[in-house]
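Here is what each chain is made of, one letter per residue.
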Amino acid sequence: MDRFDLLVIGGGINGAAIARDAAGRGLDVLLVEKDDLAAHTSSASSKLAHGGLRYLERFEFRLVREALAEREVLLRTAPHLVRPLRFILPQAEGMRPRWMVRLGLLLYDLLALRGSLPRSRSVRSGDEAVRSPLSGDRRLLSYWDAWVDDSRLVALNAVDAAERGAEIATRTEFLSARRQGDCWLAELSGGRTVAAAAIVNAAGPWVGEVLATRLREDSGSRARLVKGSHIIVPKLFDGEHGYILQQPDGRVVFALPFEAATLVGTTDIPADSPGDSRITAGETDYLCAAANLYFVRQTAPSDLLWSFAGIRALYDDGAPDAQSVTRDYRLELDGDPGPKLLSVFGGKITTARALASEALDRLEVGGLKFTRTTPLPGGDILPLFLAWLDEVAAWMPGPLLGRLSRAYGTRMRDAIGDARSLNGLGRHFGAGLYEAEVRYLRDKEFARTADDILWRRSKLGLHMSAAERQELERYLSEAVMPAKAGIPGPAG
């Protein structure tokens, strides 16, 4: 029987960040995920690393301050995955008064302390790049946050955890566990039994179900399941900025540049179960109307290029509606004197690193705290790498070079191997996806299916035909999967 210091249940951003931190501090770690990394909530976010401007209305100053500090950490340690994003905030009749919005932005700037991003300001009347897409003559404010590739952030936390000695077992379901002496005995799918000195339940929307039915433990906390849906529509504006759009119901909706299109989201809808992650016609209508209230280019449900939805497992603070539930997290350590159990309620993509650090503190794990300053894989971008990119640019098309450098950073060298031409990248599956990258994702980033590659490790599924997607699936199903590919791989 394999023995571990820590068993982490859940391959979303919280589980992956905890596994990375724990492995880096010297613990023997096993992370189990019943599907793919970021298969659920963590790949269905608004793709933002942000402080949460609207949380100021609920006086969640601690959360906003922490999130803004963590935004800076992400910009510094994952510059290939996280980039500054300017937001335009149009004023609208009957919405929050300008003085209130301006005060909120000033407070947001203050809580960011000595952050690297520009401060908020009024938009000049001559700035047609941001004004021309909008209908009407509106007063505009601007501020800065950051965009993040959410699912790749999860994958790279897991890659770093594995390179530090953790075992990342995707397609492996946690079935049950019981305390026996000084450890947990855990049953996993595939007939595997492992022992662990401690368990972290980071199962996201399934956190309550894991506690109640698989661990048979009581909890003083509850998860509030809230669905957030997004739509992708043909481009509503040009440029690399985003918009934050106030709505008549008091909510705000983002409109962001996304894969040569526009992402509009999100909603806040109560969900009955973790599997209730499908966008409804009503949500689609709501998001189209939210965009149409502001943009010259109108959109309709028939225009949709794609949509996605995720279930957020928020900490239930007793708020009267889904919109008002706190986005802060709660860590619950059970009171049993035996082997420890820590459950994670809530959390955000932006604050996952801080959550992980606090979780290990609660478990009284020592060792060097490294995640605030150590780059994620590919984030160690130095002039030597930029010079290498100039050499690759001599033969690689600009769009492909841009996508690969943003996705992999310095790990792009590994992703393309020894290639010195497009032919050297091997078979072309479509949309700039070549065999060399597919092999890298399979061998190093735990990708096993076409969906893993096309919708989570990338968003190339938006640009490939059904026949091309099927051909990739066929290739992966016929490929020989290595038992170990340089780093520990799936064990199920």
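For the structure, see preceding data.
Residues numbered from 1 in each chain as written. Predicted model: local features only at pLDDT ≥ 70, side-chain atom pairs only at ≥ 80, totals over all residues. Heavy atoms only, no water.

1. Re the side chain of S45
Then step 1. Looking at the secondary structure, you find S45 in the loop between β2 (29-33) and β3 (48-49).
Then step 2. S45 sits in the buried class, given a relative accessible area of 16%.
Then step 3. A polar contact is formed between the side chain of S45 and the backbone nitrogen of K47, at a distance of 3.0 Å.
Then step 4. A distance of 2.7 Å separates a polar atom in the side chain of S45 from a polar atom in the side chain of D150.
Then step 5. If near-sequence neighbours (up to four positions away) are discounted, S45 is found in contact with D150, H230, F308 and I349. (Helix = DSSP H or I, 4+ residues; strand = E, 2+ residues; numbered from the N terminus. Buried < 20%, exposed > 50% of the residue type's maximum accessible area, 1.4 Å probe, protein only. Polar contact = N/O pair within 3.5 Å; in protein donor to acceptor, adjacent residues only side chain to side chain. Contact = heavy atoms within 4.5 Å.)

2. Structural notes on the environment of W395
Then step 1. Examined against the element boundaries, W395 turns out to sit in the loop between α9 (383-392) and α10 (398-408).
Then step 2. A sequence separation of 26 residues divides W395 from S421, and the C-alpha atoms of the two residues are 5.9 Å apart.
Then step 3. When sequence neighbours within four positions are dropped, the list of residues in contact with W395 reads I416, A419, R420, S421, L422 and L425.

3. Some points on the packing of aromatic side chains
Then step 1. If you walk through the whole model with that rule in mind, you get 12 aromatic pairs.
Then step 2. Between Y243 and F295, the aromatic rings sit 5.1 Å apart at their centres with planes inclined by 90 degrees, giving edge-to-face as the arrangement. Here F295 lies in the loop between α7 (281-292) and β16 (306-315) and Y243 lies in strand β12 (residues 242-246), a separation of 52 residues in the sequence.
Then step 3. For Y243, a relative accessible area of 0% gives the class buried.
Then step 4. By relative accessible area, which is 1% here, F295 ends up buried.
Then step 5. Between W306 and F308 the ring centres are 5.1 Å apart and the planes differ by 40 degrees, which places this aromatic pair in the tilted class. Of the two residues, W306 and F308, neither departs from the other in class, the shared state being buried.
Then step 6. Through successive ring pairs, a cluster of aromatic residues spans F87, Y108, Y143 and F254.
Then step 7. When the ring centre of W147 is taken as origin, the NZ or CZ atom of R83, which lies over that ring, is 4.3 Å away. (Phe/Tyr/Trp six-rings, centres within 6.5 Å; stacked < 30°, edge-to-face > 60°. Lys NZ or Arg CZ within 6 Å of the ring centre and 35° of its normal.)

4. Digging into empty space enclosed by the protein
Gaps left between atoms show up when a probe the size of a water molecule is rolled over them.
Then step 1. The final tally for this structure, using the stated rule, is five cavities of 30 Å³ or more.
Then step 2. In this structure, the largest cavity occupies an estimated 120 Å³ of space.
Then step 3. In terms of lining, the largest cavity is formed by 15 residues, of which the most central are R20, L74, N157, R353 and L376. (1 Å grid on protein atoms, 1.4 Å probe; cavity = no way out; pocket = protein on both sides within 12 Å on 5 of 7 lines; lining within 4 Å. Points joined across faces, edges and corners; volume = space filled by probe spheres on them.)

5. Points about the nonpolar core
Then step 1. Among the nonpolar cores identified, the biggest contains 61 residues, and M396, M412, L433, I453, L454 and L472 are the most heavily contacted of them.
Then step 2. Looking at which element gives the most residues to this core, the answer is α10, with five residues.
Then step 3. Beyond its immediate sequence surroundings of up to four residues, L472 is in contact with F429, L433, V438, A450, I453 and L454.
Then step 4. Membership of the second largest hydrophobic core comes to 50 residues, among which are A38, L117, A158 and V344. (Core = buried A, V, L, I, M, F, W, Y, C linked by side-chain atoms within 4.5 Å.)

6. Remarks on the pattern of salt bridges
Then step 1. Considering all chains together, one arrives at 44 salt bridges under this definition.
Then step 2. Here D36 ties to R171 by a salt bridge, and the two come within 3.8 Å at their closest N and O atoms. Of this pair, D36 sits in the loop between β2 and β3 while R171 sits in the loop between β7 (167-170) and β8 (174-180); the two residues are 135 residues apart in sequence, bridging distant segments of the chain. (Salt bridge = Lys/Arg side-chain N within 4 Å of Asp/Glu carboxyl O.)

7. Some remarks on the packing of helix α12 (residues 435-444) against helix α14 (residues 466-478)
Then step 1. For the pair α12 and α14, the least separation of the axes is 12 Å and the interaxial angle reads 55 degrees. Classified by the interaxial angle, the pair formed by α12 and α14 is oblique. The element α12 and its partner α14 pack so that their crossing is right-handed. Of the residues in α14, those touching α12 at E435, V438 and R439 are L472, Y475 and L476.
Then step 2. Here the contact of α12 with α14 is composed, by residue class, of four nonpolar, no polar and two charged. (Axes fitted to C-alpha atoms, helices over the stretch in contact; angles between N-to-C directions. Parallel < 35°, antiparallel > 145°, perpendicular 65-115°, else oblique. Left-handed = near helix turned anticlockwise from the far one by under 90°. Nonpolar A, V, L, I, M, F, W, Y, C, P; charged D, E, K, R; others polar.)

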